[in-house]
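Architecture and fold: a report
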Amino acid sequence: MTKSQEIVIRSIHGIEELEDVRKLESSIWGETDSIPTHQTLTAVKNGGLVIGAYSEGKLIGFQYSFPGFNGQSAYLCSHILGIDEQFRNKGIGEKLKLAQREEALKLGYSLITWTYDPLESVNGYLNIAKLGGVCSTYIANCYGEMEDLLNSGIPSDRFLVEWHIDKKETTDSSGGGMPLDFMMENSLIQWDTIEKGLPVPSVTRPLPEQECETAFVALPKDFRTIRVTNIQAANEWRMKTRDIFTGLFQQGWQVTDFMKNSMTEIPVQFYVLSRK
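Quick caveat, the model's predicted, so the values are computed rather than measured.

Basis of the calculations
- Residues numbered from 1 in each chain as written.
- Predicted model: local features only at pLDDT ≥ 70, side-chain atom pairs only at ≥ 80, totals over all residues.
- Heavy atoms only, no water.
- Helix = DSSP H or I, 4+ residues; strand = E, 2+ residues; numbered from the N terminus.
- Rg over C-alpha atoms; globule rule 2.2 N^0.38 Å.
- Buried < 20%, exposed > 50% of the residue type's maximum accessible area, 1.4 Å probe, protein only.
- Contact = heavy atoms within 4.5 Å.
- Areas by Shrake-Rupley, 256 points an atom, 1.4 Å probe, with all protein chains shown as cover.
- Lys, Arg positive; Asp, Glu negative; His and termini not counted.
- Charge placed at Lys NZ, Arg CZ, Asp CG, Glu CD.
- Arc of directions from axis to C-beta.
- Salt bridge = Lys/Arg side-chain N within 4 Å of Asp/Glu carboxyl O.
- Pairing = 2+ DSSP bridges.

1. Here we look at the overall build of the protein chain
When its secondary structure is counted, the protein chain shows 7 helices and 12 strands. On C-alpha atoms alone, the protein chain measures out to a radius of gyration of 19 Å, which is about the 19 Å that the 2.2 N^0.38 rule sets for 276 residues. Judged by the C-alpha coordinates and their principal axes, the protein chain covers about 50 × 45 × 40 Å. Taken over 276 residues, the protein chain has a buried fraction of 48%. Once local pairs closer than 6 in sequence are excluded, the contacts in the protein chain between residues at least 24 apart make up 67%. Within the structure as shown, the protein chain displays about 13,600 Å² of accessible surface, and the carbon and sulfur contribution to it stands at 49%. Charge-centre separation for the protein chain: the mean point of 27 positive side chains lies 4 Å from the mean point of 36 negative side chains.

2. What about helix α2 (residues 37–44)?
Buried residues of α2: T37, T40, L41, A43 and V44, and no others. Along the long axis of α2, the arc covered by the buried residues comes to 160 degrees, so they all point the same way. At its buried positions, α2 is contacted by α1 (15–29), β2 (49–55) and β3 (58–69).

3. Topic: the pattern of salt bridges
Taken as a whole and judged by the stated rule, the model has 10 salt bridges. One salt bridge connects R158 with D117, and the closest N-O pair in it is separated by 4.0 Å. Pair noted here: R158 is in strand β7 (residues 158–164) and D117 is in the loop between β5 (111–116) and α4 (121–130), with a separation of 41 residues, a long-range link. In terms of burial, R158 and D117 fall into one category: buried. Close ionic contact of E120 with R224 constitutes a salt bridge, the shortest N to O distance being 3.2 Å. Note that E120 is positioned in the loop between β5 and α4 and R224 in helix α6 (residues 223–229), a separation of 104 residues in sequence. Taking the relative accessible area as the measure of exposure, E120 reaches 11% and is therefore buried.

4. Here we look at the pairing of β7
As paired elements, β5 and β7 share 6 bridges and run antiparallel to each other. Across the sheet, W114 pairs through a bridge with V161, a residue of β7. Relative to β7, strand β6 (residues 134–139) runs antiparallel, the two being bridged by 5 bridges. Each residue of the ladder has a partner; that of I139, found in β7, is R158.

In structure tokens:
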């Protein structure tokens, strides 16, 4: 990214710029049923946030959130974050989330929640390892059958992330120093490799004994390619990880870290879980 392409992150309030957000959302997800501008405008006037990322004056990414209330306290629901395909994997998502944290603190929030597909390793690394979010809730088929470009063909399972923004944010702990070999050996999901070196889940191991303090769950590095090239393998990953995480969360575990594996010959990453 050259200096002329530096990214500017700022809050969005005006209806014309919010319409640009709606158009970008439609182009990213490939659907016309995007969030109406009148809804995002109402949200930003009533405790919500829309934050944009701009390159040379053009909107290339955004984050939209609205207020939530659980009967006892208010928090911020981070509903959607999208980045133009040409600008992905450049750290813009992290910049948007950190700006969201800053603005949310100004508004008096201490908690931000959102959902994401636990099999999307890029999002897992950002949400858990870099931002310091935690997760102890698994929602099976959260949004029903989705037909957009990023979700069609498998159930829309989601993690519910809790980001306690009044605490110091985590900075890339990536597995807490656990050796990769140890995680591979002790992962609750083992895998085989198929065509193009892509992983497919094989056996699952019993949930940890009560005295265990740490657990590991493998997930594919590149789930999107698996979904496009082998929908059966994609659904096997969905159902086996669903069973494992549901069982762990019922026993009082929570996702607290994410191990980003950079070794090309190992096609998986790892979630790290601790007992509450």
